[in-house]
Amino acid sequence: MTELVRVAAVTRRFGDQVAVDDVSLSVESGEIVGLLGANGAGKTTLIRMLLGLTATDAGELRLLGEAPSRSTRRRVGYVAQGLGLYDDLTVRENLAFAASAYGHPTPPVPADLVPVADTLVGAIGLGRQRRLAFTVALAHSPALLVLDEPTSGVDPLARARLWDRVHARADAGVGVLVTTHYMSEAQQCDRLVLMSRGRVVATGSEAEITASTTAVAVDAASWQEAFTVLDGAGLPVMLAGRSVRVAAVPRERVEAVLRDAGLDARVRDVAATLEEVMVALDTDRVRVA
Amino acid sequence: MRAMIVKEFRELRRDHRTMAMLFALPIVLLVVFGYAANFTIDSISTQVVGPHADQVATLLPPLFDVQGTDPGATADDARGLVRDDVADVVLDTSTSPPTAYVDGSSLFVAQTASAALGRAGDQVLTEVLFNPDLTTSWVMVPALVGLILTFVGTIITSIGLVRERQTGTLEQLAVMPLRPADVIVGKIAPYFLLASFDMLVVTLLGVWIFGVPFNGNPALFALAAATFLFVVLGVGVLISTASQTQGQAIQVALMTLMPQILLSGFIFPLQAMPAAISWIGYCLPLTWFVKVSQGIMLRGAGLDSLWPALVVLAAMAVLVFSAAVLRFRRDLAPARRTTARTAEPVSA
């Protein structure tokens, strides 16, 4: 496997705000690396730095073995969050423009876009726009695919199809760096990098990351009361349906808080979700800060 | 309703551009245009030629600001002085009575001069050159060519460029393996060609519909128009780099367009403005293009007399277009600093 991306101790500040703080990660060929984090975690800034669109304040970036440049970007397929398509051009014209810019022949319009091939992009649905953006990004056979929130606003079926295509490219040896704030999409990635407030808070597979954190589920007659009491005690409390969950806090501590408040509830250990890991790590950071 | 009004005021208070348009701009417009909006000519640049030049020069009323005399000059020389815009009125004393050649391409000056000379009765013969009937459209059409170029070059170009930023396609262009120069030229060339086409159509229609004469060299006119286009396209690109939305771009473009309409001598004569205001006019590109276009179309003036205006336009083109390209390039290739830094070893 070839290392396509290497980010080492990269930092970027905007005024007093540290958008990306001492971040390191790598992407190898054939690997899907998921960059997960809430909005504002620094994912997009990191990707922009990787593509050479935003300057770094410190650290080292290597894209396809070199500093990001026009020549390295030639081998990168990028789907921006806003898709970067021309609404006033048709599907076919968008494809032709992108292919021409990369010096490649225009690829055929994908079968599922043929019915709208001569329709203005602004007049087709978001799902088809995302499909087109993906096709445009792949038209020049890139070695690395960078996808910024590729499934945002897409229905579950279209999302599943898009992930199928991402996997197909990864199987063909393309490295994929994908950002998402949907924790449920983590299982689509070979490796995860969790970001919070500009920092990498965890890396590894979903199982590896969640194994390091425990959670407890609280079943109470009044979940609202349980939630209020636990939240009031400063615990990282979340809701899963009507069940209250607390991540990275010993069961005994949760029981004690509930007992002190006079609440009767059943407390049990459960496997932590990625989201809970994220909340727990984030809470730790806030406490440290 | 009260909530809407309060909300609207809160939004307006935070929209600095609109606030500037609401409060600062009207005051500036009133003061500047109040002084500029003046059709009354108090002083007419005059040359007196012929054998009695020095004697006649002393007899002229103060309206005629005699800037030079040349007893040895002929009638042809006198016409040449008007054509080359050396003076608005040249009085030739070699004839009896003396002949006053008046520049008809400076409409208000010519009207004022003709009226004043007419009061002298048969003591002076008046000949209005280049626009003998003092037809307004003859003077306006060459200036309108410049105004239309300004409109296309500034407003349309800035809107087109901001659209790329607003829709996020500018970022996509930056990621593509296109050189910044490719993007800049690729974006601007269509507007340059369209504006050139507009210029051609407007000029031909002006000549055809309004009978405006085209006495000068078309190639020189094309050169001046192309130079002027670079200035206004540059202004359009500069506006686009300072605007996030098409609405903002239109706001700023209109702010640059209005002074050009009112202070370029296109409507109000520069000679009638106070010096401070006319100097603002001389800083505007349309002022110089109007001088060149009227000179070429109406007076048939050549490079020998128009070169100062062309040099000013060329200097403006280099300055504005370079600044525009540099700023636009910064938007496209913002990470040049990164490239240098990433090459450095990490000290972690």
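Residues numbered from 1 in each chain as written. Chains lettered and ligands numbered in written order. Predicted model: local features only at pLDDT ≥ 70, side-chain atom pairs only at ≥ 80, totals over all residues.

Enquirer: What am I meant to see in the sheet that holds strand 8 (residues 191–196) of chain A here?
Expert: Across a sheet, paired strands are connected by hydrogen bonds in the backbone, their directions being either parallel or antiparallel. All names here are of chain A. Read across the open sheet, the six strands follow the order 5-6-7-3-8-9; overall the sheet is mixed. This sheet does not close on itself; its edge strands, each paired only once, are strand 5 (76–79) and strand 9 (199–204). With direction set aside, neighbouring strand axes in the sheet form an average angle of 15°. Bridge count between strand 8 and strand 9: five bridges; the pairing is antiparallel. When the bridges of strand 9 are listed, Leu-194 appears paired with Ala-202. The sheet contacts of helix 4 (residues 126–138) involve strand 5 and strand 6 (144–148), and relative to strand 5 the element is tilted by about 165°. (Pairing = 2+ DSSP bridges. Helix = DSSP H or I, 4+ residues; strand = E, 2+ residues; numbered from the N terminus. Axes fitted to C-alpha atoms, helices over the stretch in contact; angles between N-to-C directions. Contact = placed C-beta atoms within 7 Å.)

Enquirer: Whenever I open this one, the UniProt feature "transmembrane region" (unreviewed entry) in chain B confuses me. Can you help?
Expert: Residues and elements named next belong to chain B. UniProt's entry tags residues 20–41, 138–162, 188–214, 220–240, 261–282 and 306–328 with the feature "transmembrane region" (unreviewed entry), counted in the numbering of this structure. For residues 261–282, the helix share is 50%, the strand share is 0%, and the end-to-end C-alpha distance is 13 Å. Span residues 306–328 is 100% helix and 0% strand, its end C-alpha atoms 32 Å apart. (UniProt positions renumbered as here; feature names shortened; annotations may be inferred.)

Enquirer: So what exactly am I meant to see when it comes to the UniProt feature "domain: ABC transmembrane type-2" (unreviewed entry) in chain B here?
Expert: On the UniProt side, "domain: ABC transmembrane type-2" (unreviewed entry) is annotated at positions that read residues 106–331 of chain B here. Taken end to end, residues 106–331 of chain B has its terminal C-alpha atoms 44 Å apart, with 78% of it in helix and 2% in strand.

Enquirer: In this structure, what is going on with the domain arrangement of chain B? I would like to understand it.
Expert: In many reports, interface size means the accessible area that the parts give up when they come together. All names here are of chain B. Under the domain assignment, chain B is made up of domain 1 (44–129) and domain 2 (136–334). For domain 1 and domain 2, the distance between their C-alpha centroids amounts to 35 Å. Residue-level contacts link eight residues of domain 1 with 12 residues of domain 2. The biggest single contributor to the side of domain 1 that touches domain 2 is helix 5 (residues 107–118), with three residues. By residue class, the composition of the side of domain 1 that touches domain 2 is three nonpolar, two polar and three charged. (Domains from an automatic or database assignment. Nonpolar A, V, L, I, M, F, W, Y, C, P; charged D, E, K, R; others polar.)

Enquirer: Whenever I open this one, the environment of Ala133(A) confuses me. Can you help?
Expert: Residue and element names in this part refer to chain A. Secondary-structure assignment places Ala-133 in helix 4. Residues Ala-133 and Ala-280, spaced 147 residues apart in sequence, show a C-alpha to C-alpha distance of 35 Å. Aside from chain neighbours lying at most four places away, what touches Ala-133 is Val-79, Leu-83, Gly-84 and Leu-85.

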